[in-house]
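What follows is the residue order along each chain.
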Amino acid sequence: MSGDIKTAYGLRDAYHKKRPNGHFFDDATLNFFGETMSSMRLLKERATITDSMGEEHICYVLSSLQRKHPGGPRRKYHYFDIETLENVILA
């Protein structure tokens, strides 16, 4: 799985295959945050991050624009483990 995903749409498709019960890319979830697939970008660089449990992951980095953020629109970065496609929460 690692290294073959190049776009936000590719990440979404792989995510749904690997995590069929996942809700990250559901229309209702995206709408809640004011996000759209067309405004998401998958960054070329991979990130090595430590999650909230202290475990290290190599991740895809997905950039999105949250239009419904209480403080006004803001750029948000989401991290997905390159092997499991789990949405990794930063420590």
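Residues numbered from 1 in each chain as written. Predicted model: local features only at pLDDT ≥ 70, side-chain atom pairs only at ≥ 80, totals over all residues. Heavy atoms only, no water.

## Details of the overall build of the protein chain
Short version of the rule: Labels follow the DSSP assignment, with helices taken as runs of H or I lasting at least four residues and strands as runs of E lasting at least two, numbered in each case from the N terminus. Computation of the radius of gyration draws on C-alpha atoms, with the globule rule given as 2.2 Å multiplied by the number of residues to the power 0.38.
A tally of helices and strands in the protein chain yields 2 helices and 5 strands. Ordered by position in the sequence, the α and β elements of the protein chain form the string α-α-β-β-β-β-β. Relative to the compact-globule value of 12 Å for 91 residues, the protein chain shows a C-alpha radius of gyration of 13 Å, a close match. Each of the three principal axes of the protein chain carries a C-alpha extent, and together these read 30 × 25 × 25 Å.

## Structural notes on the nonpolar core
This is how the line gets drawn: Buried residues of nine kinds, namely Ala, Val, Leu, Ile, Met, Phe, Trp, Tyr and Cys, make up a nonpolar core once their side-chain atoms join them within 4.5 Å. Between buried and exposed lies partly exposed: a residue is buried under 20% and exposed over 50% of the maximum accessible area for its type, with that area taken using a 1.4 Å probe on protein chains only. Between two residues, a contact is recorded if the distance between any of their heavy atoms is within 4.5 Å.
Ile5, Leu11, Phe25, Met40, Tyr60, Leu62 and Phe80 are the most contacted members of the largest nonpolar core, which totals 16 residues. Contributing elements (two or more residues each) for this core: helix H1 (8-18) and strand S3 (56-66). Residue contributions to this core peak at 4 residues, all from H1. Not counting chain neighbours up to four residues away, the residues in contact with Phe80 comprise Leu11, Tyr15, Phe24, Phe25, Ile58, Cys59, Tyr60, Leu62, Leu85, Glu86 and Asn87.

## Quick look at unusual backbone geometry
For Leu85, which is not glycine, the phi dihedral falls at a positive 60 degrees. By secondary structure assignment, the location of Leu85 is in the loop between strand S4 (74-81) and strand S5 (87-88).

## Overview of the confidence of the model for the protein chain
In regions of low pLDDT, the predicted coordinates are not meant to be interpreted in detail. The criterion, for reference: The quantity known as pLDDT measures the predictor's confidence residue by residue, on a range of 0 to 100.
Predicted confidence across the protein chain gives a mean pLDDT of 93, with 97% of residues reaching 70 or more. Across the protein chain, strand S1 (residues 41-42) holds the top mean pLDDT of 98, while helix H2 (residues 27-33) sits lowest at 94.

## Digging into the pattern of salt bridges
Heads up, the rule is: A carboxyl oxygen of Asp or Glu within 4 Å of a side-chain nitrogen of Lys or Arg is what we treat as a salt bridge.
All told, the structure shown has 1 salt bridge when counted by the stated rule. Measuring nitrogen to oxygen at the nearest pair gives 3.3 Å for the salt bridge that ties Asp13 to Arg12. Residue classification places Asp13 among the partly exposed residues on the basis of a relative accessible area of 38%. Using a relative accessible area of 24% as the deciding quantity, one classes Arg12 as partly exposed.

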